[in-house]
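Each chain, letter by letter, is given below.
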Amino acid sequence: MGENSKRIGETGEEVVTNFLKLIGWNDPQRNIDITSMDTEHRKYSNGLDGYFHYISPMISNTVENILYSCKYSTDPYPVSQVVKLFKEHYTDLAKTIESFRKSELNQNTQRMHENIDTYFDRGVLFWLNNSGKGENDLISRLDKIDLNTGINHNGIFLVDNKRIQFIYDSINYARNCFTKGDGFDVDFIYFTNGLNNDERNMRNGKILPVQYINTSVLPMRASKNNETTVMIFSIDNFDKNDLMKFMGIAKNIGCNVQGATQICFPDYSETEHLPEVNNMKQIFNDASFTANLTVANYNNPILR
């Protein structure tokens, strides 16, 4: 049994490693021991599955330190124990982040960067399984959980089966539609907010910000010479009200100068939904924008 658990864990880390490459989190440090501030917690060492850091496109002059933990099983999520187990996983990772702040690893990272105002220490908990059974959406079960642990960190993000599959499918759809062989470059769009208005901040790039790691809406773009397509992906099924909202978002982040726009849902069917799409285009009342707008199914492109 012990050997089987070890193999499952290694498989889980491999899944996460491949996913991190897909989102631009390349070459993370893996399997690190950090001296624990809490000597009663895992004795004297906090084990860490991986560590990645990058200059944030979402917050000016800021480095995001990302410490991630992988929980992986061949069994479905244990629905009756989800809250209890999540609190345990969350506390383990939170204590690791707390210890990281005093670590030599953190000090070395800070020495590598210049002209940085702030460092954020965040956690990502990958809680995954490959059972193919049960529900995949943990986050909806945990939206009202009390996590007032008193442990100091800058946030922990949960990635469940549903979220990792959504991001994986969205990126692969974009890359398959707009291939490098045809000269296209595909990257993420970084929403402008009150914290990244600095002109030096990138507006698009290859690194998925941690703020998007368990998102329900993923913005991307494909560019070739002066041709740009803005893509908005939704984790939720087609809804005409959501479509209207995403049209406004796409027009805004593309500054209405993109050559085309795609809004992508997991269940879109042209046969079923096209009349509603055409109606929403007319209500949007901007023919120069909607003339180059298409709606697609990122799970089954044939259905458009």
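Computed from a prediction, not measured in an experiment: that's the story for all the values here.

Colleague: When you look at the packing of aromatic side chains in this model, what are you seeing that I'm missing?
Modeller: What describes a pair of aromatic rings is the distance from one ring centre to the other and the angle between the planes of the rings. This structure, assessed with the given rule, holds 17 aromatic pairs. Between Tyr51 and Phe100, the ring centres sit 5.2 Å apart and the planes meet at 50°, which makes this aromatic pair tilted. Placement of the pair is Tyr51 in strand β2 (residues 45-55) and Phe100 in helix α2 (residues 82-100), with a sequence separation of 49 residues. The two residues Tyr51 and Phe100 agree in class, both being buried. With centroids separated by 5.8 Å and ring planes inclined at 85°, the aromatic side chains of Tyr77 and Trp127 adopt a geometry described as edge-to-face. Taken together, the residues Tyr77 in the loop between β3 (62-73) and α2 and Trp127 in strand β4 (residues 118-129) connect sequence positions 50 residues apart. Classification of Tyr77 as buried rests on a relative accessible area of 6%. Judged by its relative accessible area of 7%, Trp127 is buried.

Colleague: Looking at this structure, I do not really get helix α6 (residues 270-284). What am I missing?
Modeller: Along an α-helix, residues three or four apart share an orientation, since each turn contains 3.6 residues. Taken together, the buried positions of α6 are occupied by His273, Val277, Met280 and Phe284. Residues of α6 that are buried sit in contact with α5 (240-253), α7 (287-290) and β11 (293-297).

Colleague: Before we go on, may I ask you to explain the sheet that holds β11 in this structure?
Modeller: Two pairing modes exist for strands in a sheet, parallel and antiparallel, and in both the strands are linked by backbone hydrogen bonds. Spatially, six strands are ordered β7-β6-β8-β9-β10-β11 in an open sheet, and the strand pairing comes out mixed. Looking along the sheet, the strands with just one partner apiece sit at the ends: β7 (204-205) and β11. When strand β6 (residues 185-189) meets strand β8 (residues 217-224), the two strands line up antiparallel, connected through four bridges. Each bridged residue has a counterpart across the sheet, and for Asp187 the counterpart in β8 is Arg221. The strands that helix α4 (residues 161-177) touches are β6, β8, β9 (227-234), β10 (260-265) and β11; relative to β8, the one it contacts most, it runs at about 15°.

Colleague: Is there a simple way to think about a negative patch on the surface in this case?
Modeller: A surface patch of negative charge is lined by Asp236, Asp239, Glu272 and Glu276. Here Glu276 is to be found in helix α6. Overall, the relative accessible area of 32% leaves Glu276 in the partly exposed class.

Colleague: What's the story with the pattern of salt bridges in this structure? I'm lost.
Modeller: What the rule picks out here adds up to eleven salt bridges. For the salt bridge of Lys84 with Glu88, the shortest nitrogen-to-oxygen distance reads 2.9 Å. Residue Lys84 and its partner Glu88 are both found in helix α2; the two are separated by four residues, about one turn of the helix. Residue Glu88 is classed as partly exposed on the basis of its relative accessible area, which comes to 37%. In this structure, Arg163 and Asp160 form a salt bridge, with 3.5 Å as the shortest nitrogen-oxygen distance.

Colleague: Sorry, what's going on with the environment of Ser234 here?
Modeller: Relative to the elements of secondary structure, Ser234 occurs in strand β9. For Ser234, a relative accessible area of 2% translates into the label buried. Placed 68 residues apart in sequence, Ser234 and Phe166 show a C-alpha to C-alpha distance of 8.3 Å. Contacts of Ser234, omitting those with residues within four sequence positions, involve Phe166, Ser216, Phe246, Cys264, Phe265, Pro266 and Tyr298.

Colleague: Is there a simple way to explain unusual backbone geometry in this structure?
Modeller: Positive phi is not limited to glycine here, since Asn61 has a value of about 50°. If you trace the backbone, Asn61 turns up in the loop between β2 and β3.

Colleague: Help me out: how do you make sense of the pairing of β3 in this one?
Modeller: The side chains of a regular strand alternate, first on one face of the sheet and then on the other. With ten of twelve residues buried, β3 is to be regarded as a mostly interior element. Pairing geometry for β3 and β4, over twelve bridges, is parallel. Bridging across to β4, Ile66 finds its partner in Arg122.

Colleague: What should I look at first to understand the pairing of β11 in this one?
Modeller: By the criterion of burial, β11 is predominantly enclosed, with four of the five residues buried. Sheet topology places β10 next to β11; five bridges connect them, and they run parallel. By the bridge assignment for β11, Ile263 is matched with Val295.

Colleague: Mind showing me how you'd approach helix α3 (residues 104-112) here?
Modeller: Of the residues making up α3, those classed as buried are Leu105, Asn106 and Thr109. One side of α3 carries all its buried residues, which in axial view fall inside an arc of 100°. Turned more than 90 degrees away from the buried face of α3, the exposed residues are Glu104 and Arg111.

Colleague: Please explain the environment of Asp75 as it appears in this structure.
Modeller: On the secondary structure map, Asp75 appears in the loop between β3 and α2. A relative accessible area of 48% means that Asp75 is categorised as partly exposed. Here the alpha-carbon distance between Asp75 and Asn129, two residues 54 residues apart in the chain, equals 6.3 Å. The contact partners of Asp75, leaving out residues within four places of it in the chain, are Asn129 and Ser131.

Scoring rules and cut-offs
Residues numbered from 1 in each chain as written. Predicted model: local features only at pLDDT ≥ 70, side-chain atom pairs only at ≥ 80, totals over all residues. Heavy atoms only, no water. Phe/Tyr/Trp six-rings, centres within 6.5 Å; stacked < 30°, edge-to-face > 60°. Helix = DSSP H or I, 4+ residues; strand = E, 2+ residues; numbered from the N terminus. Buried < 20%, exposed > 50% of the residue type's maximum accessible area, 1.4 Å probe, protein only. Contact = heavy atoms within 4.5 Å. Pairing = 2+ DSSP bridges. Axes fitted to C-alpha atoms, helices over the stretch in contact; angles between N-to-C directions. Patch = residues over 30% accessible without salt bridge, like charges linked within 9 Å, V, L, I, M, F, W, Y side chains within 5 Å. Areas by Shrake-Rupley, 256 points an atom, 1.4 Å probe, with all protein chains shown as cover. Salt bridge = Lys/Arg side-chain N within 4 Å of Asp/Glu carboxyl O. Lys, Arg positive; Asp, Glu negative; His and termini not counted. Charge placed at Lys NZ, Arg CZ, Asp CG, Glu CD. Arc of directions from axis to C-beta.

Shape descriptors only; they carry no functional weight alone.
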